[in-house]
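# Remarks on the overall topology
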Amino acid sequence: MEKSRHSITAMIFHWGFVIIFIYGIFKQVDDINQLSDISLLKFEIIFAALMLILLIMRYLYMSQTQVTSLPEDTSMFQRRAAKIVHISLYINLSIIPITGLVIGLLYWLGLKSGIFIELTVGSHELSISTMYCLIAIHVSAAIFHRFRNDGVWSSMVPFLKERK
Ligand code: HEM
Ligand code: HEM
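These notes cover the structure that comes with them. (Residues numbered from 1 in each chain as written. Chains lettered and ligands numbered in written order. Predicted model: local features only at pLDDT ≥ 70, side-chain atom pairs only at ≥ 80, totals over all residues. Heavy atoms only, no water.)

Now for the site of ligand 1. Around ligand 1 sit 22 residues, and of these His6, His14, Thr68, Tyr90 and His138 come closest. A distance of 2.8 Å separates an oxygen atom of ligand 1 from a polar side-chain atom of Arg58. At 2.6 Å, a side-chain N or O of Thr68 approaches an oxygen atom of ligand 1. The set of elements that each furnish at least two residues to the shell around ligand 1 consists of helix 1 (8-26), helix 2 (38-65), helix 3 (76-108), helix 4 (115-148) and helix 5 (152-156). Of all the elements, helix 4 adds the most residues to the shell around ligand 1, at five residues. Considering only residue class, the shell around ligand 1 consists of 14 nonpolar, seven polar and one charged. (Near = heavy atom within 4 Å. Polar contact = N/O pair within 3.5 Å; in protein donor to acceptor, adjacent residues only side chain to side chain. Helix = DSSP H or I, 4+ residues; strand = E, 2+ residues; numbered from the N terminus. Nonpolar A, V, L, I, M, F, W, Y, C, P; charged D, E, K, R; others polar.)

Have a look at this one:
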């Protein structure tokens, strides 16, 4: 099981993004008119752009250096399910800042209401709700592996370690 541990860098990316995501949820824009504050608009745009750049770096690092910790005898169904959830997490983690950036751009261009801004804000909110569902599935799966004691939990989670 030791061989399939994720690297320290992988763990920093994983847990760093958990913090970035929680921070993003707490500092959320409650009302689009808040964006008339130019310093808030700038801050939101910088935050979203940084999140996207870090996400691309994380994806490149993970896909080139790490493999899943699922045990070799894991069924094809379970492997595919894990892959679909992980890819969906990446897709949603990118749609949130991308739609945020489009909102910022439209607002800056003076399109402060109307169909375009409504559609973009709608997609922004939908991707956030989807993210909550995916996180619930992902964390349930992690807890399931913790009970199975198969090494998947401890490969990424630095607490409540499994006993060998
Ligand atoms: C915002 C919340 C989270 C997101 C977006 C997220 C995303 C991901 C992604 C995309 C992976 C695949 C590896 C990678 O590319 O980094 C992964 C792996 C993993 N995550 Fe999370 N995660 C979150 C929270 C958690 C939490 C709270 C736990 C456990 C309590 C957890 C446990 C794991 C484990 C055990 C793996 C390794 C799976 C394997 O090796 O196949 N994650 N996570
Ligand atoms: C990069 C990470 C971002 C995160 C994590 C984030 C998070 C959130 C969250 C949690 C909500 C509430 C959604 C709901 O009600 O379900 C929200 C709404 C919103 N966000 Fe973001 N956001 C981000 C970037 C941006 C950017 C860059 C902008 C614009 C410059 C923006 C503009 C808005 C607007 C206008 C709303 C809707 C407010 C309303 O309901 O009137 N967001 N965001």
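Let us look at the nonpolar core. Judged by nonpolar contacts, the single largest core of 18 residues is most densely connected at Phe17, Met51, Leu93 and Met131. Where this core is concerned, the elements lending two or more residues are helix 1, helix 2, helix 3 and helix 4. Excluding its chain neighbours within four sequence positions, the residues that come into contact with Met51 are Phe17, Ile20, Leu93 and Pro97. Ranked by size, the runner-up nonpolar core spans six residues in total, among them Leu35, Leu41, Ile103 and Ile117. (Core = buried A, V, L, I, M, F, W, Y, C linked by side-chain atoms within 4.5 Å. Buried < 20%, exposed > 50% of the residue type's maximum accessible area, 1.4 Å probe, protein only. Contact = heavy atoms within 4.5 Å.)

It is worth spelling out the site of ligand 2 at this point. Taken together, 22 residues are adjacent to ligand 2, and Gln28, Gly100, His124, Glu125 and Ile128 come closest. Contact distances for ligand 2 include 3.4 Å between an oxygen atom and a backbone N or O atom of Ile32. Breaking the shell around ligand 2 down by element, the ones donating at least two residues are helix 1, helix 2, helix 3 and helix 4. The element best represented in the shell around ligand 2 is helix 3, accounting for six residues. Of the residues belonging to the shell around ligand 2, the class tally is 13 nonpolar, five polar and four charged.

In this fold, Thr74 is placed in the loop between helix 2 and helix 3. A residue is classified by how much of its surface remains accessible, and Thr74, at 12% relative accessible area, is buried.

Right, let's talk about the packing of aromatic side chains for a bit. Considering all chains together, one arrives at seven aromatic pairs under this definition. An angle of 45 degrees between the planes, with centres 5.9 Å apart, marks the rings of Phe13 and Tyr61 as tilted. Taken together, the residues span a long stretch of sequence, with Phe13 in helix 1 and Tyr61 in helix 2 at a distance of 48 residues. Classification of Phe13 as buried rests on a relative accessible area of 14%. Consider the rings of Phe21 and Tyr132, whose centres lie 6.4 Å apart with planes at 75 degrees: the pair is edge-to-face. (Phe/Tyr/Trp six-rings, centres within 6.5 Å; stacked < 30°, edge-to-face > 60°.)

All right, on to helix 2 then. The terminal C-alpha atoms of helix 2 lie 40 Å apart, and with 28 residues this matches the ideal 40 Å at 1.5 Å per residue to within 8%. Inspection of helix 2 places Leu41, Glu44, Phe47, Ala48, Met51, Leu52, Leu55, Arg58 and Met62 among the buried residues, and these make up the whole buried set. Check the buried side of helix 2 and you find it contacts helix 1, helix 3 and helix 5. (Expected span 1.5 Å × (residues − 1).)

Here we come to the packing of helix 2 against helix 3. Closest axis-to-axis distance for the helix 2/helix 3 pair is 9 Å, and the angle between their directions is 150 degrees. Relative to helix 3, the element helix 2 lies roughly antiparallel. You can see that helix 2 and helix 3 cross each other, and the crossing is left-handed. Of the residues in helix 3, those touching helix 2 at Leu41, Ile45, Ala48, Ala49, Met51, Leu52, Leu55, Arg58, Tyr59 and Met62 are Tyr90, Leu93, Ser94, Pro97, Ile98, Leu101, Gly104 and Trp108. When the residues that make up the contact of helix 2 with helix 3 are grouped by side-chain class, the tally is 15 nonpolar, two polar and one charged. (Axes fitted to C-alpha atoms, helices over the stretch in contact; angles between N-to-C directions. Parallel < 35°, antiparallel > 145°, perpendicular 65-115°, else oblique. Left-handed = near helix turned anticlockwise from the far one by under 90°.)

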